[in-house]
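Close look at the chain arrangement
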Amino acid sequence: MGFVVLIPARLQSTRLPNKPLADIHGKPMVVRVVERALQSDAEMVMVACDDLAIQDAVVAHNYACMLTSKGHPSGTDRLAEAVDRMALPDDAIVVNVQGDEPLIDPALIDAVAGLLAQHPDWAMATASHAIESASDFFNPNVVKVVTAADGRAMYFSRAPIPWDRDGFSDDNEDSDWMLDAALGAQRHIGIYAYRAGFLRAYSKLPASRLEDIEKLEQLRVLWHGHAIGVHQTDLIPAPGVDTPEDLEKARAAFAEQEAKA
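Let me begin by describing the structure that accompanies this report.

For the structure shown, the criterion picks out four aromatic pairs. A centroid spacing of 6.0 Å and a plane angle of 75° characterise the contact between Phe138 and Trp163, whose relative ring orientation is edge-to-face. Pair noted here: Phe138 is in the loop between helix 5 (134-137) and strand 8 (144-147) and Trp163 is in the loop between strand 9 (153-157) and strand 10 (186-195), with a separation of 25 residues, a long-range link. What makes Phe138 buried here is its relative accessible area of 11%.

Dropping the structure here:
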């Protein structure tokens, strides 16, 4: 099974300016992401960026990078431009690895691409892992997903789903008790695989009301009747980098890895 990894990277970030260029143990963060992606089974890894500073940093490390329009409203739209310019065939599998995931597990990239390859009738694939703590379950910043028997996503939400009508009470919300594993609560992991043809079509789909309410771009896909498969992993992925505090944690993780090497 062959697939391509595309890494969307935007220079400006509200909480962490110039985030893709942030130094992580001697290399820009976006370069660290590329290096992780290259440890997967991808046939090609390409950064799709919006600024020459990012392109220069990636090329300086001898990796592939494409300068795309600054006007894209989302990373998905940026990748749609990239697949067109790369002239990828419609059946090519493209994995979207976020440019702020310097600790992403290469095996997770392979798993999401493999899931989509196994289901030619599905439009996309993504991933999730079990939620164990109530604090995560009730946190609106933790996106939840519920799936059907065949592994397709039924819904993504910032709300606590599925809701245990008989098991939950006002006394235990937001506490640190452990959720019953039988509930099957799953946290969505923000990695996506698409076929290039659907990626091109996605950018033309009208936004949905649910997408606007929840602020979850993937709901557009479900709204228009397309299937998203969900790979459930037993491993909790390393967090991405959104804040200066996250950046320091990533730096510490790389320093620890280097010390063990």
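Another aspect to go through is the side chain of Asp246. Tracing the backbone through its elements, the reader meets Asp246 in helix 9 (residues 244-260). Comment: no salt bridge for buried Asp246; closest opposite-charge side chain is Lys249, at 4.8 Å. Those residues in contact with Asp246, other than ones at most four positions away along the chain, are Gly240 and Val241.

The subject of this paragraph is helix 3 (residues 75-85). Taking burial as the measure, the eleven residues of helix 3 include eight buried ones, the bulk of the element. Taken together, the buried positions of helix 3 are occupied by Thr76, Asp77, Arg78, Leu79, Ala80, Glu81, Ala82 and Val83. On its buried face, helix 3 is in contact with strand 1 (3-9), strand 4 (44-49), strand 5 (64-67), strand 6 (93-96), strand 10 and helix 6 (196-202).

A word on the side chain of Gln55. Note on placement: Gln55 falls in helix 2 (residues 52-60). Excluding residues within four positions of it along the chain, Gln55 makes contact with Cys49, Cys65, Met66 and Leu67.

With 17 residues, helix 9 should reach 24 Å at 1.5 Å per residue; the first-to-last C-alpha distance of 25 Å fits that figure. Looking only at helix 9, the buried set comprises Asp246, Leu247, Ala250 and Phe254. Down the axis, helix 9 shows its buried residues gathered within 100° of arc, on one side only. Turned more than 90 degrees away from the buried face of helix 9 sit Glu245, Lys249, Ala259 and Lys260, all of them exposed. Along its buried surface, helix 9 packs onto strand 2 (23-24) and helix 1 (29-37).

So, on to the pairing of strand 1. Most of strand 1 is tucked away, with seven of its seven residues classed as buried. Note that strand 1 and strand 6 share four bridges and pair parallel. Directly across from Phe3, in strand 6, lies its bridge partner Ile93.

On to the pattern of salt bridges. One pass over the structure, following the stated rule, counts eleven salt bridges. Note that Lys19 is salt-bridged to Asp100, the shortest N-O span being 3.0 Å. Of this pair, Lys19 sits in the loop between strand 1 and strand 2 while Asp100 sits in the loop between strand 6 and helix 4 (106-118), placing them 81 residues apart in sequence. Like Asp100, Lys19 is buried. Asp90 is the partner of Arg200 in a salt bridge, and the nearest nitrogen-oxygen pair spans 2.7 Å. Of this pair, Arg200 sits in helix 6 while Asp90 sits in the loop between helix 3 and strand 6, placing them 110 residues apart in sequence. With relative accessibility at 16%, the residue Arg200 sits in the buried group. A cluster of three or more residues bridged by salt bridges with shared partners is formed by Lys19, Asp100 and Asp242.

Parameters and conventions
Residues numbered from 1 in each chain as written. Predicted model: local features only at pLDDT ≥ 70, side-chain atom pairs only at ≥ 80, totals over all residues. Heavy atoms only, no water. Phe/Tyr/Trp six-rings, centres within 6.5 Å; stacked < 30°, edge-to-face > 60°. Helix = DSSP H or I, 4+ residues; strand = E, 2+ residues; numbered from the N terminus. Buried < 20%, exposed > 50% of the residue type's maximum accessible area, 1.4 Å probe, protein only. Lys, Arg positive; Asp, Glu negative; His and termini not counted. Salt bridge = Lys/Arg side-chain N within 4 Å of Asp/Glu carboxyl O. Contact = heavy atoms within 4.5 Å. Expected span 1.5 Å × (residues − 1). Arc of directions from axis to C-beta. Pairing = 2+ DSSP bridges.

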